[in-house]
Structures are given as structure tokens and as C-alpha cells.
Amino acid sequence: MSIFCDISGVVVDALSLVLPRTCIACGRTLLEAESCMCIACRYNMPTTNFAKQKSNPIKRLFENVMPIESAAALFWFVGGSEWQRIIHNFKYYNRWFFAQKMGEWLGEELRDSGNFEDIDLIIPIPLHFRKRLLRGYNQSEQLAIGVGRKMGVECNFRAIKRCRYNDSQTSKSNSERWENVDNIFEVRDSSKLRGRHILLVDDVLTTGATIGSCAHAIFDACGGDVRISVASLAVSRRIKDGW
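Residues numbered from 1 in each chain as written. Predicted model: local features only at pLDDT ≥ 70, side-chain atom pairs only at ≥ 80, totals over all residues. Heavy atoms only, no water.

(A) Representation of the overall build of the protein. Counting its regular elements, the protein contains 9 helices and 6 strands. Counting over 243 residues, the protein shows a buried share of 52%. Excluding contacts between residues fewer than 6 apart, the proportion of contacts in the protein whose partners are at least 24 apart in sequence is 76%. (Helix = DSSP H or I, 4+ residues; strand = E, 2+ residues; numbered from the N terminus. Buried < 20%, exposed > 50% of the residue type's maximum accessible area, 1.4 Å probe, protein only. Contact = heavy atoms within 4.5 Å.)

(B) Local environment of the pattern of salt bridges. Within the structure shown, the criterion is met by 11 salt bridges. The residue Arg28 makes a salt bridge to Glu34 at a minimum N-O spacing of 3.2 Å. With relative accessibility at 36%, the residue Arg28 sits in the partly exposed group. You can call Glu34 buried: its relative accessible area is 6%. (Salt bridge = Lys/Arg side-chain N within 4 Å of Asp/Glu carboxyl O.)

(C) Inspection of helix α4 (residues 82–92) at higher detail. Among the residues of α4, Trp83, Gln84, Ile86, Ile87, Asn89, Phe90 and Lys91 are the ones counted as buried. The N-capping residue of α4, defined by a side-chain oxygen 3.1 Å from the backbone nitrogen of Trp83, is Ser81. Just downstream of α4 lies Asn94, where phi reads positive at about 65°. (Polar contact = N/O pair within 3.5 Å; in protein donor to acceptor, adjacent residues only side chain to side chain.)

(D) Focus on the packing of aromatic side chains. In this structure the tally under the stated criterion is 3 aromatic pairs. Measuring from centroid to centroid gives 5.3 Å for Phe50 and Trp76, while their planes differ by 85°, and the two rings are edge-to-face. Here Trp76 lies in strand β1 (residues 71–77) and Phe50 lies in the loop between α2 (39–44) and α3 (57–63), a separation of 26 residues in the sequence. The two residues Phe50 and Trp76 agree in class, both being buried. Taking the centre distance of 5.7 Å and the plane angle of 80° together, the rings of Trp96 and Phe97 count as edge-to-face. Among the aromatic side chains, those forming a connected cluster through ring pairs are Trp96, Phe97 and Phe98. When the ring centre of Trp105 is taken as origin, the NZ or CZ atom of Arg42, which lies over that ring, is 3.9 Å away. (Phe/Tyr/Trp six-rings, centres within 6.5 Å; stacked < 30°, edge-to-face > 60°. Lys NZ or Arg CZ within 6 Å of the ring centre and 35° of its normal.)

Printed below as a string of C-alpha cells:
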């Protein structure tokens, strides 16, 4: 993983030299000292500070359904805002290198928080192969690369398989979202996961259904002999109110 991360980091730096240097959030031309995001947007970003809180709304969301060690998200997802534009830039416009840069920021938050110190494996939420072929990459993998680079932790992109294609979660209710992702993940080799503390990484956490389904698949395959933490780049504000 470390060699791959080093190579991908060089590629990202090279791309930044030839592509227009604009802020991923507001689109303003970046100053020479700025990278990926302008200083104003970085300062004004609605960060959650969840990484520093052992108990927070994401952790409490999962407490009644599964044992989660720690949980965090970098910022609040605000529909129609520049913060939504960050996600759309790397999710739908082929700017995967932005996901790595944002993953590095998330990784720094997790590393410095003191609540994610013993993570020893990072697993991004996998895409179904059909969706991956259409998009050309998995944005959660790119996030995980950035997270792993800053935390110094190995990433595994093949541990979990998305074995069933499911409809988009966007227009579904809470209960429909959980039903839509039921039993869609499969662990390829549980022996590589048993006894480890795994960090599951995704781009946006709305209800927790997708990450929850993946975590359940891992718990079941490992017979409970595994510890899981979760991290997403953004989280819905509705998590604040417990839905």
C-alpha cells in the first residue's frame, strides 16, 4: 500500500501542475501557496470536530445496532452549497485526485485526535463493478488512500466485495435506505480481518445504512472477532437530531 500511495501522491502533484488551479469548493483561482482549496473556504468549512469527541452523533447512531469503536466525519454536508460541490467534483467529474487531498485532511484529523490510534487496516466502502466501470474509479478508495497516507496505515481494496447492484440511495426514506443495502456486501477472506481494528471509509454518511451493512458483513464473517471504526468525509446535518 505504501508504494502505491507514494506513486499516487506523485501523480496528484503532477496533475496539479497541468490542470487549472481552482478551489474545489468555490471555484476561485488558487494562490501559489494554496492547494486544492482556498484559505477562505478552508477557514469557513462547517467542520464537525467529531474526531476529537469519543461520543458524538455518528457514534450514537450506531450504538444501538452494532459495536463501533470510534466514528468521525470531517464536515457537515449542506445541500446546494460549495460543500456539496466538493463531493460532486470528485464523485461525478472525474477529479479523483481531489478525493485524495481531502482524504489527507481527514486522515490528519483522525491521526491527531487520539481516538483512532490503534487502527491497523483501512477499508473503503466498495462500489459494484458496474458502477465502477461507469465512473472509472471508486471515490472512497481515493479518500482512503489520502487517509492512509497521513495515518501511516495499510489500505485493503479487495477485502470486501459489493455482491449485489442496488439502486441509488438519494431519493429513499430512512427505512428504504436500510432495506436497499441489506446483504449487499461479502467478505472475501475473513482470516485477513479477524483480530484487527478496521477503519471503514466512505464519502458521505446520511443514515449510516451503507457503512452499517458493510460493518455487519465483517462482524458476521469474523464471528465478532474484529473491531470497527468508521469515518466519512461529510455527514448529513440530520444526524445531529437523530433523525
